[in-house]
Protein chains: 2
Amino acid sequence: MESLEGWLASRGQGHDPLAEQHRWALLPPGKLLRPVLLMESAAAVGGSIEQVRPVATGFELMHAGSLIHDDIIDGDEVRRGREATHCRYGVDRAVVGADALFFAVFATLGECRRRGVPDRLIADATAVIAEAGLRITRGATLELDLSGTLHDDTDAYLEVARLKTAALLRAACRTGAVLAGATAEQTAALTEFGEALGIAFQIRDDLLPYGRERRPGTRTETAAAGKPRTSDLRNGRPVLPLLLAHRYGDDAERALLAELLGAGQERSGERSGERATVRAYASQEAGADEESRQERLHQLLERTGALKAAQHTADTHLDRCREALEALPPSSHRQRLAALAARCHSRRQAGDEGAGR
Amino acid sequence: MESLEGWLASRGQGHDPLAEQHRWALLPPGKLLRPVLLMESAAAVGGSIEQVRPVATGFELMHAGSLIHDDIIDGDEVRRGREATHCRYGVDRAVVGADALFFAVFATLGECRRRGVPDRLIADATAVIAEAGLRITRGATLELDLSGTLHDDTDAYLEVARLKTAALLRAACRTGAVLAGATAEQTAALTEFGEALGIAFQIRDDLLPYGRERRPGTRTETAAAGKPRTSDLRNGRPVLPLLLAHRYGDDAERALLAELLGAGQERSGERSGERATVRAYASQEAGADEESRQERLHQLLERTGALKAAQHTADTHLDRCREALEALPPSSHRQRLAALAARCHSRRQAGDEGAGR
């Protein structure tokens, strides 16, 4: 099993009623950030890329599963520029389809084993992946708890980013290290690298709708998720720039912020206490209205210094990344890990890359 | 980690926003059929119950997770005699809450390892559990594909039962065998036992609403799931007795069957193509009406010989169970496994036990 294509093909024993859905969710592939992190981490400590490749693919499966459930929860209808899985196959099938991808990542460890990874390391990796899954679900729940409230609590935001987004990047790096038989020090360094990178990426993703290259009045999508860039406005997710604007703004600015967000959520339609009703929301007029609100929001974030402060927080985590890598021996693989982090550094490049939430 | 209580308590590092939901879904415990199967299987081949106890608990977590997603998909609002998890905590939280339980089962393997199970066997068990998860999701999807159509295809029904219900019982027995270091022959026998038992239990569960001890006109619940016994009628699931009535019935009987089921599904309310709307359905009048339809359905199943034929199919699988156990050395544990299967044998005892779907 060499790749996503390979994984999809390898499931051919008998009819698999989920095959088509999984193909939809997985192909064409995204940036494969987690597989790349896992393989480069293994190689950076002297491990074999070929031996860990199956579980590297497995991390993309787990990531895809988690996006499917996220989109159900957020009521997001677009993913990577096309219909979200639950819109195409129905919520029922998407719920179980994602479950299958969670089990699949553990199944891929069997192939690493057949390629010669010792049982001890397979058992270690099983624990790492299970722990990551538990963190992600805690993060997603915490996010639901915080959703829809504007507060000053950036610690809570960072905790969600650490648990929900960073957990899988952290686990990808850690699994690569573990399966390659890295020392405890190297494993800790790669774990730290992955977690800090994940937090930085999450902040960067949340800054994407406010990137400098965006042209006012253009209805664009963020490159990261292929989602409408007004998504935050609509789903009430208290992302870092909004929290910082709330913290730094004066009374009038806070009031404006609440108004812009309130109107956004009202627009988003019948989000009941029970669940987000999946609903098309695309009339031309509403779109223009939303764009204008998004524009005013952008100006407010700029004026309060929230955008700058959020970027600064991301940079702090990127510094952690750089420091962590110093524990590894110099190599082209360490360089590639450093380059992945560096790409996150400059806002000018926002839009090229993303954690793919 | 000794038990469900122990597992819930062991998660105390920091606030876990899912703890309350998991407590709701897991306690008070059900019959713990899967943990019992796993531990008795291990002991029947000479293994240590203490070493496998953590993952035995893990199987109950996985089972609970799968019930949570099932109830969301089926729109069932009652489980074990009380509010289903998604009704109490909302669909969004229930989706991720169940995901956490899927990851948790793999995490419990770490505790078996600390209790001395060799890494090789931990890696084997990881593969068994991952495979079971994949089967369950395939079975659930196949069931969705078949849902709402009355056909003669009992093979498809049995395939759903094998994949969706039997996979976890099969995996519980197989995991017990594997972790105890059983021979290949013993492992195969326990795997066969678990699968056949699972299929028999599913048929028995589907027969429960038509058990002899039921009194006409009484609004009862099946003991297995604490669900209203008219649930099949409402969710359009083509269970074995209905398929057999369709096969054996004459034209008039088939027409009556379709009418009774059609009315049932109509009643069940707005089940859109996209997803079942969670909706209270409990008015006194509708209930009485439904009970009378259920009664006519029962008579039809009796008249066409469908109930007898379904019980016969279950018995065939229980024979497989008995034969499989012959490959194991005689012991009190083998006896207890045989007793679990025997309890399924007689319709008079329907209501005492169930696969807990």
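Residues numbered from 1 in each chain as written. Chains lettered and ligands numbered in written order. Predicted model: local features only at pLDDT ≥ 70, side-chain atom pairs only at ≥ 80, totals over all residues. Heavy atoms only, no water.

Visitor: In this structure, what is going on with the overall build of chain A? I would like to understand it.
Guide: When helices and strands are counted, chain A shows 15 helices and four strands. Across the 357 residues that make up chain A, the buried fraction comes to 61%. Here the analysis covers contacts within chain A between residues at least 6 apart in sequence; of these, 79% occur between residues at least 24 apart. Carbon and sulfur atoms provide 49% of the accessible area of chain A, an area that totals close to 13300 Å². (Helix = DSSP H or I, 4+ residues; strand = E, 2+ residues; numbered from the N terminus. Buried < 20%, exposed > 50% of the residue type's maximum accessible area, 1.4 Å probe, protein only. Contact = heavy atoms within 4.5 Å. Areas by Shrake-Rupley, 256 points an atom, 1.4 Å probe, with all protein chains shown as cover.)

Visitor: Would you mind showing me how to read the relation of the copies chain A and chain B here?
Guide: Put simply, the two copies of the chain differ by a rotation about an axis and a shift along that axis. Screw-axis analysis of chain A against chain B gives a translation of 0.0 Å along the axis, an RMSD of 0.0 Å, and a rotation angle of 180 degrees. Here the symmetry operator amounts to a two-fold rotation axis. (Least-squares fit on C-alpha atoms with pLDDT ≥ 70 in both.)

Visitor: What should I look at first to understand the packing of aromatic side chains in this one?
Guide: A ring pair, where both rings are aromatic, is described by two values, the distance of the centres and the angle of the planes. With the rule as written, the count across this model stands at five aromatic pairs over all chains. Look at Phe 102 of chain A and Phe 103 of chain B: their rings are 5.1 Å apart centre to centre, the planes differ by 55 degrees, and that puts the pair in the tilted class. Placement of Phe 102 of chain A in helix α6 (residues 91-114) and of Phe 103 of chain B in helix α6 (residues 91-114) is noted, with the two residues assigned to different chains. There is no split in this pair, since Phe 102 of chain A and Phe 103 of chain B are both buried. Measuring from ring centre to ring centre gives 6.2 Å for Phe 103 of chain A and Phe 106 of chain B, while their planes differ by 55 degrees; the resulting arrangement is tilted. Note that Phe 103 of chain A is positioned in helix α6 and Phe 106 of chain B in helix α6, a pairing that runs across two chains. On the basis of relative accessible area, Phe 103 of chain A is assigned to the buried category, the value being 3%. The residue whose ring lies beneath Arg 82 of chain B is Trp 24 of chain B, and the NZ or CZ to ring-centre distance is 3.7 Å. (Phe/Tyr/Trp six-rings, centres within 6.5 Å; stacked < 30°, edge-to-face > 60°. Lys NZ or Arg CZ within 6 Å of the ring centre and 35° of its normal.)

Visitor: I would appreciate a short explanation of the interface of chain A and chain B in the present structure.
Guide: Interface extent is often summarised as the accessible area lost during association of the parts. Contacts between the two partners involve 44 residues from chain A, matched on the other side by 43 residues from chain B. With both sides pooled, the region where chain A packs onto chain B buries about 4200 Å², and carbon together with sulfur makes up 67% of that total. Put simply, chain A and chain B have six salt bridges between them. Linking Arg 113 of chain B and Asp 124 of chain A is a salt bridge whose minimum nitrogen-to-oxygen distance equals 2.8 Å. Along the contact surface separating chain A from chain B lie ten residue pairs in polar contact (both at pLDDT 80 or more). Take the side of chain A that touches chain B: its biggest share by element is 17 residues, from helix α7 (residues 119-146) of chain A. Looking at the side of chain A that touches chain B residue by residue, the classes come out as 23 nonpolar, eight polar and 13 charged. (Buried area = accessible area lost by both parts, 1.4 Å probe. Salt bridge = Lys/Arg side-chain N within 4 Å of Asp/Glu carboxyl O. Polar contact = N/O pair within 3.5 Å; in protein donor to acceptor, adjacent residues only side chain to side chain. Nonpolar A, V, L, I, M, F, W, Y, C, P; charged D, E, K, R; others polar.)

Visitor: Help me understand the environment of Arg 343 of chain B in this model?
Guide: Residues and elements named next belong to chain B. Examined against the element boundaries, Arg 343 turns out to sit in the segment after α15 (332-342). On the basis of relative accessible area, Arg 343 is assigned to the partly exposed category, the value being 37%. When the C-alpha atoms of Arg 343 and Phe 201 are compared, they prove to be 9.9 Å apart, with 142 residues separating the residues in sequence.

Visitor: Just to check I follow, could you spell out the nonpolar core for this structure?
Guide: Ranked by size, the top nonpolar core spans 144 residues in total, and within it Leu 37 and Phe 193 of chain A together with Leu 37 and Phe 193 of chain B carry the most contacts. Filtering out sequence-adjacent residues up to four positions away, Phe 193 of chain A remains in contact with Leu 37, Cys 173, Cys 321, Ala 324, Leu 325, Leu 337 and Ala 341 of chain A. Ile 203, Leu 244, Leu 256 and Ala 314 of chain A belong to the second largest nonpolar core, which has 25 residues in total. (Core = buried A, V, L, I, M, F, W, Y, C linked by side-chain atoms within 4.5 Å.)

Visitor: What is the right way to read the environment of Glu 143 of chain B from this model?
Guide: With respect to the helices, strands and loops of the structure, Glu 143 of chain B is situated in helix α7 (residues 119-146). Separated by 21 residues in sequence, Glu 143 of chain B and Lys 164 of chain B place their C-alpha atoms 8.5 Å apart.

Visitor: Explain unusual backbone geometry to me, please; I cannot follow it from the model alone.
Guide: Leaving glycine aside, a negative phi is the common case for residues, and trans is the common case for peptide bonds. Residue Pro 28 of chain A follows Leu 27 of chain A across a cis peptide bond; omega there is -10 degrees. The residue Pro 28 of chain A is located in the loop between α2 (19-26) and α3 (33-44) in this model. Although it is not a glycine, Leu 32 of chain A sits at a positive phi angle of roughly 55 degrees. Topologically, Leu 32 of chain A is positioned in the loop between α2 and α3. Non-glycine residue Arg 80 of chain B carries a positive phi angle of around 50 degrees. Of note, Arg 80 of chain B is situated in the loop between β1 (78-79) and β2 (82-83).

Visitor: Looking at this structure, I do not really get the pattern of salt bridges. What am I missing?
Guide: Between side chains of opposite charge, pairing is possible as soon as their charged atoms come close. A full pass over the atoms with the stated rule returns 52 salt bridges over all chains. The residue Arg 135 of chain B makes a salt bridge to Glu 195 of chain B at a minimum N-O spacing of 3.7 Å. Of this pair, Arg 135 of chain B sits in helix α7 while Glu 195 of chain B is found in helix α9 (residues 184-207), placing the two residues 60 residues apart along the sequence. An identical accessibility class is assigned to Arg 135 of chain B and Glu 195 of chain B; each is buried. Connected via shared salt-bridge partners are Asp 16 of chain A together with Glu 131, Arg 135, Arg 138, Glu 159, Arg 162, Arg 170, Glu 192, Glu 195 and Arg 320 of chain B.

Visitor: What is the right way to look at the side chain of Asp 99 of chain A in this model?
Guide: Within the secondary structure layout, Asp 99 of chain A lies in helix α6. Put simply, Asp 99 of chain A is tucked away with no salt bridge, and the nearest opposite charge, on Lys 164 of chain B, sits 10 Å away. Beyond its immediate stretch of four places on either side in the chain, Asp 99 of chain A contacts His 69 of chain A together with His 69, Asp 99, Phe 102 and Thr 137 of chain B. (Lys, Arg positive; Asp, Glu negative; His and termini not counted.)

Visitor: In this structure, what is going on with the side chain of Thr 191 of chain A? I would like to understand it.
Guide: Note on placement: Thr 191 of chain A falls in helix α9 (residues 184-207). Of the polar contacts made by the side chain of Thr 191 of chain A, one reaches the side chain of Arg 174 of chain A; its length is 2.9 Å.

Visitor: Would you take a moment to explain α9 of chain B for this structure?
Guide: Each α-helix winds once per 3.6 residues, and so residues spaced three or four apart point in a common direction. Between the first and last C-alpha of α9 of chain B there are 35 Å, a value that for 24 residues agrees with the 34 Å anticipated at 1.5 Å per step. Counting buried residues along α9 of chain B, 20 of its 24 residues qualify, which places the element largely inside the surrounding structure. (Expected span 1.5 Å × (residues − 1).)

Visitor: I'm lost on α6 of chain B in this one. Help?
Guide: Residue and element names in this part refer to chain B. When the terminal C-alpha atoms of α6 are compared, their 36 Å separation across 24 residues agrees well with the 34 Å that a helix rising 1.5 Å per residue should span. Residue Val 105 marks the point of greatest curvature in α6, where the axis turns by about 30 degrees. Burial within α6 is extensive, with 19 of its 24 residues counted as buried. Just past α6, the residue Gly 116 takes up positive phi, approximately 105 degrees. (Bend = angle between axes of the 7 residues up to and from the residue.)

Visitor: What am I meant to see in the confidence of the model for chain A here?
Guide: Residue and element names in this part refer to chain A. Residue-level pLDDT values for chain A average 86, and 81% of them are 70 or greater. The model gives residues 213-225 a pLDDT under 50, and that stretch makes 37 contacts with residues more than four places away or in other chains. Low pLDDT (under 50) marks residues 347-357, which in the prediction has 45 contacts with non-local residues, meaning those over four places away or in another chain. (pLDDT = per-residue confidence, 0-100.)

Visitor: What should I look at first to understand the environment of Asp 145 of chain B in this one?
Guide: Topologically, Asp 145 of chain B is positioned in helix α7. The contacts of Asp 145 of chain B, once residues within four sequence positions are left out, are Pro 17 and Arg 93 of chain A.

Visitor: Just checking my understanding: could you explain the packing of helix α3 (residues 33-44) of chain B against α15 of chain B for this structure?
Guide: Helix-helix packing: each pair is described by the crossing angle between the helix axes and the interaxial distance. Residue and element names in this part refer to chain B. Where α3 meets α15, the axes come as close as 8 Å, and the angle between the chain directions of the two elements is 145 degrees. Like other packed secondary-structure pairs, α3 and α15 cross with a definite hand, here left-handed. Counted together, Leu 33, Val 36, Leu 37, Glu 40, Ser 41, Ala 43 and Ala 44 of α3 and His 333, Arg 334, Arg 336, Leu 337 and Leu 340 of α15 form the full contact between these two elements. The residue makeup of the contact of α3 with α15, split by class, is seven nonpolar, two polar and three charged. (Axes fitted to C-alpha atoms, helices over the stretch in contact; angles between N-to-C directions. Left-handed = near helix turned anticlockwise from the far one by under 90°.)

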